[in-house]
Amino acid sequence: MSTDHYSHHVAVLGAGVMGTGIAAMAVGHGVAVSLIDIDGDKLDRARAEIAGKIRHAGLLGSLPDGRDHGELTLSDSVRDVAGSTAVIEAITEEPDLKAKVLGTASATIRPGTPMISNTSGIPIDELAGSVQRPEDLLGTHFMNPAYLIRMVEVVRGPRTGEAAMAAARDMLTAMDRTAIVVRDSPGFVTSRLLHPMINTAARLVGDGVADAEAVDTLMRGCLGHPTGPLRTADLIGLDNLVDSLEVLHARTGDDSCRPCPQLVDLVRAGHLGRKSGRGFYDYRGALS
Ligand SMILES: NC(=O)c1ccc[n+]([C@@H]2O[C@H](COP(=O)([O-])OP(=O)(O)OC[C@H]3O[C@@H](n4cnc5c(N)ncnc54)[C@H](O)[C@@H]3O)[C@@H](O)[C@H]2O)c1
């Protein structure tokens, strides 16, 4: 695989927060994308959402000047990964679901095509048991928003091969991304640090120690956090956060990863953060 963006055709599985962000990054860098989701409503909204994200990235100087956009194709069938030069899986953080979808994708694509999971915390080697060629599987933990953040945590599983690592590096370079490679472990580096911190911040709100605004303001003003952990939580999506904490808790036994009641209650009430219009903060009527 080469660093020439026009030679890449990436299949992105999942048209949620991350899938549309990754697709916007790729299309904005001239890379063709097949975006695949089983939810027709998500696909209906995806083209406009991605166009909005590309506009946002352009305004903030995060896209190359004068490069034609890649073609965007939408599909509801995982089998449409066929013919792509890389598969990036960004579906719901449920281990069994990911295993099934990655298994189907790996049975469909050419051997040697890198299969990449954007999981927040499921060990890559756990998922490797479900694909036909474990050596083709690795993790790229794009941060949110993927179309703005250039640094990417790349996870090399114990069975990941050098060819897959090299192909993934080439693809990331073609999209102006900088990779930091880490070893496989639940939550890798970033989620293992960030998720318990957000969980603790939510617990402080639930315990009445401070409200969300005060927690975030202190973390910004005293500790230099860019947005505060609870605004970050709303951006991530509280449903995804609870799923990811459960993945971490089950695999580490670390009690700071057990989703706190405050988070669980918000998710039960349908307050998922920015994507539903309300989480720790209210976004209804805001410009996104
Ligand atoms: N949200 C974040 O900030 C963030 C950051 C880094 C990594 N991640 C990880 O990225 C992945 C996606 O997270 P998200 O926040 O975009 O979730 P999301 O809930 O916004 O989107 C998930 C999408 O997957 C789709 N999906 C579910 N089953 C599918 C299937 N069988 N085939 C195709 N599509 C299917 C859903 O319809 C949905 O559109 C998760 O593994 C998450 O942990 C999320």
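Quantities reported herein were computed from a predicted structural model and do not represent experimental measurements. (Residues numbered from 1 in each chain as written. Predicted model: local features only at pLDDT ≥ 70, side-chain atom pairs only at ≥ 80, totals over all residues.)

## A few points about the domain arrangement of the chain
Here the chain is described as being made up of domain 1 (5–183) and domain 2 (190–276). For domain 1 versus domain 2, the separation of C-alpha centres amounts to 25 Å. Looking at the side of domain 1 that touches domain 2, its residues break down into four nonpolar, five polar and three charged. (Domains from an automatic or database assignment. Nonpolar A, V, L, I, M, F, W, Y, C, P; charged D, E, K, R; others polar.)

## Considering helix H6 (residues 190–206)
End to end, H6 covers 24 Å across 17 residues, agreeing with the expected 24 Å (1.5 Å per residue, within 8%). Among all positions in H6, only Ser 191, His 195, Pro 196, Ile 198, Asn 199, Ala 201, Ala 202 and Leu 204 are buried. If you follow the buried residues of H6, they end up packed against helix H7 (212–223), helix H8 (229–236), helix H9 (238–252) and helix H10 (261–268). The first or second residue beyond H6 is Gly 208, which carries a positive phi of 75°. (Helix = DSSP H or I, 4+ residues; strand = E, 2+ residues; numbered from the N terminus. Expected span 1.5 Å × (residues − 1). Buried ≥ 20, exposed ≤ 12 C-beta atoms within 10 Å, placed from the backbone. Contact = placed C-beta atoms within 7 Å.)

## Some words on the pairing of strand S2 (residues 32–36)
With five of its five residues buried, S2 lies for the most part within the structure. Alternating positions in S2 separate into two faces, Ala 32, Ser 34 and Ile 36 on one and Val 33 and Leu 35 on the other, with burial throughout. Bridge count between strand S1 (residues 9–13) and S2: five bridges; the pairing is parallel. When the bridges of S2 are listed, Leu 13 appears paired with Ile 36. For the crossover from S1 across helix H1 (residues 17–28) to S2, the handedness is right-handed. Inspection of the sheet shows S2 paired to strand S3 (residues 72–75) by four bridges, in the parallel sense. Across the sheet, residue Ile 36 finds its bridge partner in S3, namely Ser 75. (Pairing = 2+ DSSP bridges. Right-handed = clockwise from strand over helix to strand, strands pointing away.)

## Comments concerning the nonpolar core
Of all hydrophobic cores here, the largest spans 81 residues; its most connected members are Val 12, Leu 13, Ile 22, Ala 23, Val 33 and Val 87. The dominant element in this core, judged by the number of residues it contributes, is H1, at eight residues. Domain assignment of the residues forming this core places at least three in each of domain 1 (5–183) and domain 2 (190–276). When near neighbours in sequence (up to four residues on either side) are disregarded, Ile 22 contacts Val 12, Ile 88, Ala 90, Phe 142 and Ala 146. (Core = buried A, V, L, I, M, F, W, Y, C linked by C-beta atoms within 7 Å.)

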